[in-house]
Every structure is written in C-alpha cells, then in structure tokens.
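Each chain, letter by letter, is given below.
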2 protein chains.
Amino acid sequence: MITPVPNPSGPGRKRPTIRDVARVAGVSYATVSRVLNGHDWVSPEAVRLVRDAIARTGYTANPHARSLATGRSGSIAFLLTEPQHLLFEDSNFAVLLRGVAQALSAREQTLILMIAATATERDRAVSYLSGGHVDGVLLVSPHSGDPLLGQLVRAEVPIVACGRVLGYEQVISSVAADDRSGARSAVEHLLAAGCRRIATITGPQDTSGGVDRLHGYTDALTAHGLAVEPARIAHADWSREGGETAMRALLDRAADLDAVFAASDALAAGALPVLREAGRHVPRDVRVVGFDDSGLAATLDPPLTTVRQPLERISEEMVRLLADITAGRNPLSITVPTTLVVRRSSPA
Amino acid sequence: MITPVPNPSGPGRKRPTIRDVARVAGVSYATVSRVLNGHDWVSPEAVRLVRDAIARTGYTANPHARSLATGRSGSIAFLLTEPQHLLFEDSNFAVLLRGVAQALSAREQTLILMIAATATERDRAVSYLSGGHVDGVLLVSPHSGDPLLGQLVRAEVPIVACGRVLGYEQVISSVAADDRSGARSAVEHLLAAGCRRIATITGPQDTSGGVDRLHGYTDALTAHGLAVEPARIAHADWSREGGETAMRALLDRAADLDAVFAASDALAAGALPVLREAGRHVPRDVRVVGFDDSGLAATLDPPLTTVRQPLERISEEMVRLLADITAGRNPLSITVPTTLVVRRSSPA
DNA sequence: GCGGAACATGTAACCGGTTACAGTGAGGGC
DNA sequence: GCCCTCACTGTAACCGGTTACATGTTCCGC
C-alpha cells in the first residue's frame with residue numbers, strides 16, 4: 001500500500017528532490033542516490049524504505065542535475081543533414097528513426113533530433129554537438145565531402161554512421177547493409193531471368209551505398225562474362241526526381257536496355273513512370289529492381305522487386321555501437337546481410 | 001585577431017568553463033554569465049573582453065548546468081503516439097517535424113523526439129514529460145480517449161497539439177487547419193463538377209480532423225439541398241489499408257456513387273486501387289478528392305485533387321504557442337485556412 | 001565637502017544530483 | 001577482550017552555470 005505524501009498543489013509547487021525522498025525515507029540523500037544508481041552497497045531495508053519513499057513522493061530524477069554531476073547527458077543526437085530524408089521518399093529513414101528511438105528508450109536514453117539543412121542550422125548543430133552536450137551522434141548516410149564530418153571528428157564526439165563514411169572508415173564506426181553483395185544478388189536475379197542488357201541508376205558516388213551498389217552491379221556482370229557498358233550507367237542523387245532524369249538519359253543513350261537496377265526504391269519509383277511513358281512495359285519489356293524495400297516498394301505499380309535491408313537490426317546495432325564507444329571500447333564497424341524480395345516488377 | 005589559448009589535447013582534456021573564460025578575460029565569472037545572457041548591465045569594455053575570451057577558449061555553455069540553475073530545459077518534446085505517423089503514408093507528419101525543428105532551432109531550443117507506441121514507452125514518456133524535464137510537449141492529432149492526455153494535463157506540462165483535442169479544448173492549446181471548411185470546399189468542388197452521389201471515407205471520430213472533415217462533408221451536401229445518406233459514409237482509421245477496406249464497403253452498399261471525398265490522402269491512396277479493380281475509372285466514373293496534400297498526393301495515379309494544409313505555418317504556430325504558454329501567457333488556439341489543389345483525380 | 005543615485009562588478013548561495021572519504025557498528029579470528 | 005575487516009551510511013565537496021545581494025566607484029547637485 002502506497003500512502004502518497006500530500007504535496008501542496010498549484011503550479012508553483014516544487015518537484016520533490018532527492019533530499020525530500022531522503023527525509024521521507026529517514027535516510028541520507030546519498031543513500032537515496034545509491035539506491036537509484038545501484039552500483040554501491042545498500043542494505044535491503046534501506047532499499048525498501050527508499051523505494052517506498054520514491055513512490056509516495058512521486059519523485060523523478062532531474063536529468064540536468066544528474067548530467068551535470070556525471071558528465072554524461074543521457075541523450076544522443078540523430079543528425080540529419082538532408083531534410084528530404086524525412087520525406088516519404090525515404091521511408092527507410094523513418095524506420096531507422098523508429099528503431100533507434102526504441103533502442104534508446106530501452107536504455108533510458110533520450111533522442112535528440114537535429115535537422116541541419118541550412119547553413120545556420122549546421123553551424124548550430126556542430127557547436128552543440130562538439131560542445132559535449134550529447135553522449136554521441138548518429139549519422140545517416142553522410143556524404144564523404146561534408147565538412148561537418150571533419151568538425152565532429154576533430155571535436156572527438158562519439159559517432160556512429162549508418163553506411164560507411166568514405167575516407168573516414170578508420171575513425172567513424174558504422175553499421176551498414178552489405179550493399180555490394182545485395183546489389184550483386186539483385187543483378188544476378190535479372191541475369192537469371194535472361195536479361196543481358198542491364199542498366200543501372202546509381203546513387204551519389206560520395207556515399208558508400210552509391211559506390212558499393214555500383215560495385216555489386218559490375219561484380220555480377222563481370223562474373224557472368226558481360227562487359228560493363230558506361231552508357232548503361234546513369235548517376236543520380238537518391239531522389240525520385242533523380243531517378244526520373246537518369247531513366248530518361250538511359251533511354252536516350254542505351255535504348256536497347258532490358259532491365260534496370262536502381263540503387264534505391266525512390267530512384268526506381270522515378271524510373272517507372274518514365275518507362276511507362278516511353279511505352280516500355282514493366283516487366284515484359286524492361287525488368288526493374290530497386291534497393292531498400294522501403295514502404296514505397298510494395299505500393300508501386302507494378303510492385304517493386306527490391307533488396308531488403310534489415311533496418312531494425314541496423315538501428316539496434318547503431319545504438320549498441322555508440323554505447324560501446326561511450327564506454328571507452330573501440331568497436332569494429334558492422335555489416336549486415338540483405339535479402340532479395342521478388343515482386344512483379346521482375347518476376348522470377 | 002583571435003589568439004587561441006592552447007589547451008592540452010587528448011581525449012582527457014576538459015572543456016573550458018565559465019570560470020576559465022573569466023580568468024582569461026580578467027573579470028569575475030558572474031560578469032561572463034551576464035554577458036552571456038544579456039539581461040543585466042555590463043560595461044562595453046567588459047563585453048569586449050569576455051567576447052574575446054570566449055572566442056579564444058572556444059567556450060560553449062554547458063546546457064545541463066544552465067538548466068539546473070534556471071529550471072528551464074531549453075528542450076521541447078515532440079511526442080508521437082502512433083509510429084505509423086513516421087511512415088511514408090503520413091508525410092504530413094514529416095513536414096510538420098521539419099517545420100518544428102526549424103522553428104526550434106531558430107529559438108535555440110532542442111527537439112526531443114519521443115515515440116510512445118508500446119506500453120513501456122508510453123509509461124516512460126509520461127513520467128519523463130511529467131517530471132518537468134522538458135519545457136513543453138507538442139502532440140500530433142491525438143485521440144481524445146488517450147489516457148496519456150489526462151496524465152499530461154494533470155502534470156501541468158505545457159502542451160500544444162496539432163489538431164483540436166476533443167474534450168480538452170479548454171485546457172490544451174492547439175493549432176489546426178480549418179478542416180471543416182476545407183472539407184466543405186472539397187465536396188463543393190465535386191458538386192460543381194456535377195457529382196450528386198458523393199460518398200466519403202472519414203477519419204477516426206475521436207480526432208478533430210475526423211469529426212470536422214465529416215462535418216464539412218455534410219455541410220456541403222445540406223447546403224445544396226442533398227440528403228446525407230449513411231450508406232455513403234464509411235469510417236476508417238487514417239491508414240491506407242483503412243481506405244482500402246472502407247472503399248470496398250462503399251462499393252458494396254452504395255454502388256451508385258459518383259465521387260469519393262477521402263478525409264486524408266492516405267485513405268484516398270487506399271481507395272484508388274480498389275476503384276480500379278472494380279472497373280471504375282477515376283475520374284471518368286468516380287471522382288476522388290483527398291485531404292492534406294501530402295507528398296503522396298501528386299504521385300498517385302491519377303494525381304490526387306486534395307485540400308492543402310499549410311503545414312509550415314502550423315508548425316511555426318505550434319512552437320510560438322508553446323513559447324507563449326511557457327512565458328505564462330494563455331494563448332488562444334489557432335485555426336489556419338486550407339486551399340483546394342485540383343489535380344486529375346477530379347478535374348475542374 | 002558630502003549624501004545619494006546610478007552603474008558596474010564581485011561574492012556567495014543555490015539548482016539537484018554523484019561520489020570520495022570518513023565514520024560507525026557488528027561479527028569473526030586469535 | 002582486542003583488533004581488524006566488512007558492510008553500510010553519512011558528510012562534504014563538486015559538477016557549471018544563474019542570480020540576489022553587497023560592495024565599490026563615479027558623478028552629480030547642493
């Protein structure tokens with residue numbers, strides 16, 4: 001039975017502190033702190049008394065006071081440098097965010113979301129993060145040329161990236177899908193279906209996803225003794241519009257293509273309508289495969305064959321790695337396997 | 001010219017504090033604090049010295065210490081009770097988040113994202129938020145029956161919701177689109193096109209959006225002397241799947257419909273394929289209008305006529321309102337106008 | 001020449017936790 | 001019976017800011 005201690009109501013009432021709890025429990029405030037943290041010896045009797053007092057007073061710790069004393073903030077930042085990540089084109093990103101939030105919640109940590117799109121926002125973000133105000137930073141598929149990376153590394157903020165950070169492999173831990181072999185399996189799936197003039201729409205070549213997925217494409221072709229035709233490779237950013245433009249370019253200079261491997265679902269989503277307009281039926285005339293298995297893939301017309309990344313797993317690992325770094329360990333980067341999801345855009 | 005004070009390097013080096021700055025500047029630490037905050041008198045000379053010292057030491061304030069002293073946290077929580085909000089179906093939500101992040105960044109505030117989907121996460125969220133650890137909470141279209149609302153209100157946490165909170169109109173400030181007249185204009189647009197057997201797919205009736213958009217629908221019909229047929233009204237949650245199910249139900253019991261007003265784009269996105277499968281051409285046989293103008297709308301096939309909410313405006317207003325409440329004012333709730341965006345699913 | 005504003009700055013207390021260190025009392029070995 | 005250890009608890013210092021209050025200065029009017 002819990003008897004709540006009546007506290008003066010009204011907006012001016014003060015929240016109970018560790019001292020209040022101590023008074024109610026009849027112990028010293030240090031003991032309360034010890035019970036709270038658990039890494040020191042306290043008698044079972046004292047634990048009971050304190051637990052009781054906490055329940056009766058409705059005490060919750062003041063995280064700022066705690067952070068001040070420990071030097072650890074209990075919060076990590078999820079840094080977003082491209083706002084379009086947030087948009088529905090990249091629902092991966094949303095899944096990742098969800099996963100990270102869940103993993104952090106389980107560790108009693110807080111998720112600070114920073115969107116650094118404008119120059120002002122970027123400056124503010126860098127100084128906030130470098131200031132040691134968060135325990136670590138999670139980055140999503142950063143571009144290798146981004147000056148922000150250097151600034152954060154120099155400030156020695158613990159960082160974990162989703163996707164390898166080209167040029168920083170040795171200093172920034174990362175969790176990434178096995179892009180290269182994922183892409184290879186996608187292209188091999190097309191080869192198995194009899195396609196021989198396979199084109200690709202790549203992602204930005206300053207991201208590991210962009211580079212590795214292109215590698216996977218060339219891997220598959222050369223393994224089958226096929227030449228890699230530059231005309232069949234179109235570069236794009238990760239956006240749907242990029243996919244559109246690239247697809248038009250491909251139809252222009254490699255009109256005989258019989259399949260397209262797009263390095264992301266968004267790119268594929270941009271490519272599909274262009275193919276339709278050009279009178280190419282998918283999958284009869286041209287087979288299409290994407291990458292990510294974002295929510296988008298299944299709802300496209302036709303539903304898109306794609307390479308699934310285990311995003312829940314990735315987000316968990318990111319949080320775990322960050323915790324490792326914070327704890328002083330120096331964890332290795334991690335690669336997780338992908339799986340091919342076959343849908344109507346390229347039937348088996 | 002800034003001469004940086006050489007500080008011992010290596011990971012163990014300590015960040016400069018206000019005392020360090022004071023020493024370098026040759027003033028007391030209180031003066032530094034005053035310069036930092038600006039709401040007390042300091043001589044121009046001292047300001048110069050301190051500014052200089054800050055630049056040279058690379059000082060940034062410790063937000064935890066500040067929060068502890070001031071009692072204000074400088075962070076607000078964006079609380080998400082339905083994780084599907086994050087998914088691409090509801091890109092509104094993403095735009096809203098982006099807008100809020102921007103508005104907060106401008107105010108030097110931090111955005112804490114809390115996803116409270118599971119029971120554990122909800123408990124943790126409530127106790128965290130009630131604990132006075134954030135300056136306020138932003139809620140997205142909460143359901144009126146959610147017990148979380150009562151808990152937060154009782155804890156007297158400043159709250160601003162996007163969308164009126166049914167049953168809490170007097171205690172929770174909100175910013176909302178003018179759902180009712182937006183819906184009415186959508187239906188009037190269909191009436192103007194000659195449709196007379198207009199059905200609707202509504203959102204949940206425990207959200208203001210769900211209720212008001214249905215009201216707008218009936219408003220338009222009755223204003224034109226048309227009866228409101230219950231058979232032409234199908235209820236759904238906000239999801240695409242909900243739209244699918246509801247559309248099937250409508251085709252079942254009101255097969256003669258010549259238009260559908262869906263209370264959200266996601267609902268419309270679910271309805272479109274069902275219509276296609278049923279052999280109803282959009283817009284020839286059935287005209288369709290959605291609500292939100294989410295990123296989804298323009299990319300559907302056919303592109304969707306919809307009611308646009310000024311989400312950037314809404315997010316800004318939410319942050320402004322929250323600041324008002326925190327400052328002790330008691331702001332009114334706000335309604336912002338919508339605009340009809342006509343696309344091919346219901347040509348003019 | 002002196003009292004009192006007005007201004008500028010320093011001192012000290014405080015916010016609410018954590019934790020090093022000292023102290024207490026019980027129990028065990030001899 | 002004494003000493004030492006061990007288990008536990010309390011005191012005090014500290015984290016890095018803010019701010020009430022006290023303490024000079026300077027300048028002015030009279």
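Residues numbered from 1 in each chain as written. Chains lettered and ligands numbered in written order. Predicted model: local features only at pLDDT ≥ 70, side-chain atom pairs only at ≥ 80, totals over all residues. Heavy atoms only, no water.

Brief notes about the protein's contact with DNA strand C
Thought 1: Of all residues adjacent to DNA strand C, which total 29 residues, the nearest are Ile18(A), Arg19(A), Ser33(A), Ser28(B) and Arg34(B).
Thought 2: With respect to DNA strand C, the side chain of Tyr59(A) contributes an N or O atom lying 2.8 Å from a sugar or linking oxygen.
Thought 3: At the level of secondary structure, the elements contributing two or more residues to the surface near DNA strand C comprise α1 (18-25), α2 (29-37) and α4 (63-70) of chain A together with α2 (29-37) and α4 (63-70) of chain B.
Thought 4: Here the surface near DNA strand C is built from residues that sort into 15 nonpolar, nine polar and five charged. (Near = heavy atom within 4 Å. Polar contact = N/O pair within 3.5 Å; in protein donor to acceptor, adjacent residues only side chain to side chain. Helix = DSSP H or I, 4+ residues; strand = E, 2+ residues; numbered from the N terminus. Nonpolar A, V, L, I, M, F, W, Y, C, P; charged D, E, K, R; others polar.)

Quick notes on the pattern of salt bridges
All names here are of chain A.
Thought 1: A full pass over the atoms with the stated rule returns 44 salt bridges over all chains.
Thought 2: Between Arg23 and Asp20 there is a salt bridge, and its shortest N-O distance comes to 3.3 Å. Of this pair, Arg23 and Asp20 both sit in helix α1, three residues apart, which is roughly one turn of that helix.
Thought 3: For Arg23, a relative accessible area of 60% gives the class exposed.
Thought 4: In this structure, Arg197 and Asp256 form a salt bridge, with 3.8 Å as the shortest nitrogen-oxygen distance. Of this pair, Arg197 sits in the loop between α8 (179-192) and β6 (198-202) while Asp256 sits in the loop between α10 (240-253) and β8 (259-262); the two residues are 59 residues apart in sequence, bridging distant segments of the chain. (Salt bridge = Lys/Arg side-chain N within 4 Å of Asp/Glu carboxyl O. Buried < 20%, exposed > 50% of the residue type's maximum accessible area, 1.4 Å probe, protein only.)

Points about the sheet that holds β6(A)
Residue and element names in this part refer to chain A.
Thought 1: Pairing in this open sheet of four strands is parallel, and the strands run β7-β6-β8-β9 from one edge to the other. A strand with exactly one partner marks an edge of an open sheet, and here the two such strands are β7 (233-235) and β9 (287-289). Each neighbouring strand pair of the sheet contributes to a mean axis angle of 15 degrees, computed without reference to strand direction.
Thought 2: Relative to the sheet, helix α9 (residues 208-223) contacts β6, β7 and β8, its axis offset from that of β6 by approximately 165 degrees. (Pairing = 2+ DSSP bridges. Axes fitted to C-alpha atoms, helices over the stretch in contact; angles between N-to-C directions. Contact = heavy atoms within 4.5 Å.)

A word on the relation of the copies chain A and chain B
Thought 1: Its rotation angle being 180 degrees, the transformation that places chain A on chain B also includes 0.0 Å of axial translation and leaves an RMSD of 0.1 Å. Viewed as a symmetry operation, the transformation between the two copies matches a two-fold axis.
Thought 2: Interface residue correspondence from chain A to chain B reaches 100%, placing this contact among same-surface, isologous pairings. (Least-squares fit on C-alpha atoms with pLDDT ≥ 70 in both.)

Here we look at the protein's contact with DNA strand D
Thought 1: In the region of DNA strand D, 29 residues are neighbours, and Arg34(A), Ser43(A), Ile18(B), Arg19(B) and Ser33(B) sit closest.
Thought 2: Atoms of DNA strand D within 4 Å of the protein: sugar and phosphate make up 57%, bases the balance.
Thought 3: One of the side-chain N or O atoms of Arg66(B) is found 3.0 Å from a phosphate oxygen in DNA strand D.
Thought 4: Of all the secondary-structure elements, those providing two or more residues to the surface near DNA strand D are α2 and α4 of chain A together with α1 (18-25), α2 and α4 of chain B.
Thought 5: Its residues assigned to classes, the surface near DNA strand D shows 15 nonpolar, nine polar and five charged.

Things to note about unusual backbone geometry
Thought 1: The omega torsion of the bond from Val282(A) to Pro283(A) falls at 10 degrees, within 30 degrees of zero and hence cis.
Thought 2: On the secondary structure map, Pro283(A) appears in the loop between α11 (265-277) and β9.
Thought 3: Going from Asp301(B) to Pro302(B), the amide bond is cis rather than trans, its omega being 0 degrees.
Thought 4: If you trace the backbone, Pro302(B) turns up in the loop between α12 (295-299) and β10 (306-308).
Thought 5: Here the phi dihedral of Asp292(A) falls at roughly 125 degrees; this positive angle occurs in a residue that is not glycine.
Thought 6: Of note in this structure, Glu156(B) is not a glycine but carries a positive phi near 60 degrees.
Thought 7: Of note, Glu156(B) is situated in the loop between α7 (147-154) and β4 (159-162).
Thought 8: Residue classification places Glu156(B) among the partly exposed positions, given a relative accessible area of 41%.

Some points on the interface of chain A and chain B
Thought 1: Between chain A and chain B, the residue contacts involve 48 residues of the former and 48 residues of the latter.
Thought 2: Counting each side, the surface lost to burial between chain A and chain B is near 3900 Å², with a carbon and sulfur contribution of 61%.
Thought 3: The interface formed by chain A and chain B contains three salt bridges.
Thought 4: At the junction of chain A with chain B, the criterion picks out nine residue pairs in polar contact (both at pLDDT 80 or more).
Thought 5: Where the side of chain A that touches chain B is concerned, the elements lending two or more residues are α4, α5 (91-106), β2 (110-115), α6 (119-130) and α12 (295-299) of chain A.
Thought 6: It is α5(A) that provides the largest number of residues to the side of chain A that touches chain B, a total of eight residues.
Thought 7: Its residues assigned to classes, the side of chain A that touches chain B shows 20 nonpolar, 19 polar and nine charged. (Buried area = accessible area lost by both parts, 1.4 Å probe.)

Looking at the domain arrangement of chain A
Thought 1: Per the domain assignment, the segments making up chain A are domain 1 (18-61), domain 2 (75-177 + 311-336) and domain 3 (179-310).
Thought 2: Of note, the centres of domain 1 of chain A and domain 2 of chain A, computed from C-alpha atoms alone, are 36 Å apart. (Domains from an automatic or database assignment.)

Focus: the pairing of β2(A)
Residue and element names in this part refer to chain A.
Thought 1: In terms of residue burial, β2 counts as a mostly covered element, since six of its six residues are buried.
Thought 2: The side-chain alternation of β2 yields two buried faces, one formed by Thr110, Ile112 and Met114 and the other by Leu111, Leu113 and Ile115.
Thought 3: Of the strand pairs in this sheet, strand β1 (residues 75-80) and β2 are connected by six bridges, and their pairing is parallel. In the strand pairing of β2, Ala77 is matched with Ile112.

Quick word on the packing of aromatic side chains
Thought 1: Overall, the coordinates contain four aromatic pairs over all chains when judged by the stated rule.
Thought 2: The lysine or arginine in question, Arg19(A), covers the ring of Tyr29(A), its NZ or CZ lying 4.1 Å from the ring centre. (Phe/Tyr/Trp six-rings, centres within 6.5 Å; stacked < 30°, edge-to-face > 60°. Lys NZ or Arg CZ within 6 Å of the ring centre and 35° of its normal.)

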